[in-house]
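Coordinate inspection notes
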Amino acid sequence: EDKVVQSPLSLVVHEGDTVTLNCSYEVTNFRSLLWYKQEKKAPTFLFMLTSSGIEKKSGRLSSILDKKELFSILNITATQTGDSAVYLCAVEPFQGAQKLVFGQGTRLTINP
Amino acid sequence: KAGVTQTPRYLIKTRGQQVTLSCSPISGHRSVSWYQQTPGQGLQFLFEYFSETQRNKGNFPGRFSGRQFSNSRSEMNVSTLELGDSALYLCASSSRRDRGGDEQFFGPGTRLTVL
């Protein structure tokens, strides 16, 4: 069965710190890995990764995928209180239809 | 471009009733997926529709069903509601090009409470 595991489940840091969130997966016929940020309601899209070793970057956030070791990391540098959220990792198996398998999420809290 | 919209935003029902939730995807998007989010189970895939056809289904009982209309709008229906159906129901749309995955954009969700 397809599975996504995120760690840590919860993380509390001070503003300005750098954090690394982890996502490992087991899935048949991997297609892509996606990161989302969920604050109140709808998860908002951050990155989609399909190729190993290519870093995706957006401002202070970056992510990279290792398809050999079956994991991805999400880095946030110079954290701000607005980064407080649940970060979700999801994997899309190649099944000819879009079905995302989500991890449990990492709840990140940034204290001022 | 308007985002994914879902109605209603909040719903309270009693056990045994049925409910219909609606989702309008981003204009031009043809794929609509539904997810259930609960504190215990996290986000779980319900089903996906593309061009009015259900292409994939998660591990949910037959009480959960859906459909998609020719304008790509989608509805999901839950019959004979149970307390455990209380959850945030999220709809996501994507343009679904054939090559490479496409990111899914989520709507704000419908918070269903079953009493």
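First things first, this report covers the structure right here in the doc. Given the structure is predicted, the values throughout are model-derived calculations rather than measurements.

**A short note on the overall build of chain B**
Helices and strands together make up the secondary structure of chain B, namely zero helices and 11 strands. Against the globule reference of 13 Å for 115 residues, chain B gives a C-alpha radius of gyration of 14 Å, in line with a compact fold. By principal-axis analysis of the C-alpha atoms, chain B measures approximately 40 × 25 × 25 Å. Among the 115 residues that make up chain B, the fraction classed as buried is 50%. Within chain B, residue pairs in contact and separated by at least 24 positions form 54% of the contacts whose partners lie at least 6 positions apart. For chain B, the computed accessible surface area is about 5,500 Å², with 47% contributed by carbon and sulfur atoms. Charged side chains of chain B number 14 positive and 8 negative; the gap between the two group centres comes to 3 Å.

**Some details on the state of the cysteines**
Scanning the entire structure with this criterion turns up two disulfides over all chains. Sulfur-sulfur distance for the disulfide between C23 of chain A and C89 of chain A comes to 1.9 Å. For the disulfide bridge between C23 of chain A and C89 of chain A, the dihedral angle about the S-S bond is near -65°, and by the sign convention the bridge is left-handed. Residue C23 of chain A is located in strand 3 (residues 19-26), and its partner C89 of chain A is located in strand 9 (residues 85-93); the two are separated by 66 residues in the primary sequence. Side by side, C23 of chain A and C89 of chain A carry an identical accessibility label, which is buried. Residue pairing for C23 of chain B: its cysteine sulfur links by disulfide to C91 of chain B, the two sulfurs lying 1.7 Å apart. With the S-S bond torsion at -50°, the cross-link from C23 of chain B to C91 of chain B turns out left-handed.

**Some points on the sheet that holds strand 8 (residues 74-78) of chain B**
Residues and elements named next belong to chain B. Taken in spatial order, the four strands make up an open sheet running 1-3-8-7, and their pairing is antiparallel. Taken across any chain shown, the strands that pair with only one partner, and hence form the sheet edges, are strand 1 (5-7) and strand 7 (64-68). Neighbouring strand axes in the sheet, compared pairwise and without regard to direction, differ in orientation by 20° on average. Relative to strand 8, strand 7 runs antiparallel, the two being bridged by five bridges. Note that in strand 8 the partner of G66 across the bridge is M76.

**Here's the deal with unusual backbone geometry**
Omega for the peptide link from S7 of chain A to P8 of chain A comes to -10°, which places this bond in the cis form. Secondary-structure assignment places P8 of chain A in the loop between strand 1 (3-7) and strand 2 (10-14). Here the amide bond leading from T7 of chain B into P8 of chain B is cis, since omega sits at -10°, within 30 degrees of zero. By the element assignment, P8 of chain B lies in the loop between strand 1 and strand 2 (10-13). Unusually for a residue other than glycine, N29 of chain A sits at a positive phi of about 55°. Mapped onto the elements, N29 of chain A comes out in the loop between strand 3 and strand 4 (30-38).

**Examining the sheet that holds strand 8 (residues 71-76) of chain A**
Residues and elements named next belong to chain A. In space, the five strands of this open sheet follow the order 1-3-8-7-6, with antiparallel pairing throughout. Since the sheet does not close on itself, it has two edges, and those belong to strand 1 and strand 6 (56-58), each with one partner. Each neighbouring strand pair of the sheet contributes to a mean axis angle of 15°, computed without reference to strand direction.

Parameters at a glance
- Residues numbered from 1 in each chain as written.
- Chains lettered and ligands numbered in written order.
- Predicted model: local features only at pLDDT ≥ 70, side-chain atom pairs only at ≥ 80, totals over all residues.
- Heavy atoms only, no water.
- Helix = DSSP H or I, 4+ residues; strand = E, 2+ residues; numbered from the N terminus.
- Rg over C-alpha atoms; globule rule 2.2 N^0.38 Å.
- Buried < 20%, exposed > 50% of the residue type's maximum accessible area, 1.4 Å probe, protein only.
- Contact = heavy atoms within 4.5 Å.
- Areas by Shrake-Rupley, 256 points an atom, 1.4 Å probe, with all protein chains shown as cover.
- Lys, Arg positive; Asp, Glu negative; His and termini not counted.
- Charge placed at Lys NZ, Arg CZ, Asp CG, Glu CD.
- Disulfide = S-S within 2.5 Å.
- Pairing = 2+ DSSP bridges.
- Axes fitted to C-alpha atoms, helices over the stretch in contact; angles between N-to-C directions.

It is worth stressing that arrangement in space is one thing and function is another; only the former is reported here.
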